[in-house]
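One-letter residues, chain by chain:
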Amino acid sequence: MTTISHFLATDHKRCDTLFAAAESAVSNADWDVAIPEFSRFREALLHHFAMEEEVMFPAFETSTGMKQGPTAMMRSEHRQMTDLFNRMSVAITRKDINAYLGDADTLLIIMQQHNVKEEQMLYRMADQALANEVDEVLGSMRALA
């Protein structure tokens, strides 16, 4: 049986791979590749945030009663990351390698720290709290377009 931890950690890896592909293309000023790669990364990360914020976080909060706990911090970090990749989007549109890579470096650090917190703490807590509804939660996350 797939766990919430496994499902979302696997999606973290997918987002990381897309991030690296976009960063590599920008580094090489290969804009014909960089622009669609960045778009794929941005869509994947927004989808990941939606799976958490629209499905897993509310289910976790309902189950545990913790509304100002780890999910509040993760939402705040999602906003921080969204601000950064919106700036990266502007930089890529302007073909500004330095601005893009500067924000990408910051985003990478935040993503790495964020993913560790989710994978080592929140997802494990969610696996326990939502053990009886894991199939429903995973199904709802998979159903998000």
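Above: the structure in question.
Described below are features of the structure shown in this document. (Residues numbered from 1 in each chain as written. Predicted model: local features only at pLDDT ≥ 70, side-chain atom pairs only at ≥ 80, totals over all residues. Heavy atoms only, no water.)

1. Thoughts on the overall build of the chain
Our working rule: The secondary structure listing takes helices from DSSP runs of H or I that are at least 4 residues long and strands from runs of E that are at least 2 residues long, numbered from the N terminus. Our radius of gyration is a C-alpha quantity, and the globule rule it is checked against amounts to 2.2 Å times the number of residues to the power 0.38. With a 1.4 Å probe rolled over the protein chains alone, any residue whose accessible area is under 20% of its type maximum counts as buried; one over 50% counts as exposed, and the rest are partly exposed. Computed with the Shrake-Rupley method and a 1.4 Å probe, the accessible areas treat only the protein chains shown as cover for residues. We treat Lys and Arg as the positive residues and Asp and Glu as the negative residues; His and chain ends play no part in the count. Where a charge lies is defined by one atom per residue type, namely NZ (Lys), CZ (Arg), CG (Asp) and CD (Glu).
Helix and strand content of the chain: 5 helices and 0 strands. Starting at the N terminus, the α and β elements of the chain follow one another as α-α-α-α-α. Here the C-alpha atoms of the chain give a radius of gyration of 16 Å, agreeing with the 15 Å that 2.2 N^0.38 yields for 145 residues. Viewed in the frame of its principal axes, the chain has a C-alpha envelope of about 50 × 25 × 20 Å. By the burial criterion, 43% of the 145 residues in the chain qualify as buried. Counting every atom, the chain has about 7,400 Å² of accessible surface; 52% of that belongs to carbon and sulfur. A gap of 2 Å separates the mean positions of the 13 positive and 22 negative side-chain charges of the chain.

2. A few points about the packing of helix α1 (residues 4–27) against helix α2 (residues 31–64)
This is how the line gets drawn: Lines fitted to C-alpha atoms define the axes, with helix axes restricted to the stretch in contact, and inter-axis angles between N-to-C directions lie between 0 and 180 degrees. For classification, angles of less than 35 degrees are called roughly parallel, those exceeding 145 degrees roughly antiparallel, those between 65 and 115 degrees roughly perpendicular, and all remaining angles oblique. A clockwise turn of the near helix away from the far one marks a right-handed crossing, whereas an anticlockwise turn of less than a right angle marks a left-handed crossing. Any residue outside Ala, Val, Leu, Ile, Met, Phe, Trp, Tyr, Cys, Pro, Asp, Glu, Lys and Arg is labelled polar, Gly included; the first ten of those are nonpolar and the last four are charged.
Contact pair α1 / α2: the axes reach a minimum separation of 8 Å and the direction vectors enclose 160°. Considered as vectors, α1 and α2 are oriented roughly antiparallel to each other. As for how α1 packs across α2, the hand of that crossing is left-handed. Taken together, the residues of the contact of α1 with α2 break down into 19 nonpolar, 3 polar and 5 charged.

3. Quick word on the pattern of salt bridges
Here is the rule we go by: Any Lys or Arg side-chain nitrogen found within 4 Å of a carboxyl oxygen on Asp or Glu counts as a salt bridge.
Per the counting criterion, the structure on display carries 6 salt bridges. Among the ionic pairs, Arg14 bridges to Asp11, the shortest N-O distance being 2.8 Å. Taken together, the residues span about one helical turn, with Arg14 and Asp11 both in helix α1 at a distance of 3 residues. Of the residues examined, Asp11 reaches a relative accessible area of 9% and is grouped as buried. Ionic pairing is found between Glu37 and Arg40, a salt bridge with its closest N-O pair at 3.1 Å. Of the two residues, Glu37 and Arg40 both sit in helix α2, 3 residues apart, roughly one turn of that helix. Under the relative-accessibility criterion, Glu37 is labelled buried at 16%.

4. Re the nonpolar core
To keep it simple, the criterion reads: Among the buried residues, those of types Ala, Val, Leu, Ile, Met, Phe, Trp, Tyr and Cys that are joined through side-chain atoms within 4.5 Å form a nonpolar core. The criterion used for residue contact is that any of the two residues' heavy atoms lie within 4.5 Å.
Ranked by internal contacts, the top residues of the largest apolar core, which has 24 residues, are Phe38, Phe41, Phe85, Met88, Tyr100 and Leu107. At 7 residues, α2 tops the list of elements feeding residues into this core. Here Met88 is in contact with Phe19, Phe38, Tyr100, Asp103, Ala104 and Leu107, once residues within four sequence places are set aside.

5. What to know about the environment of Gly102
Note that Gly102 resides in helix α4 (residues 97–129). Of the residues examined, Gly102 reaches a relative accessible area of 34% and is grouped as partly exposed. When the C-alpha atoms of Gly102 and Met88 are compared, they prove to be 8.8 Å apart, with 14 residues separating the residues in sequence.

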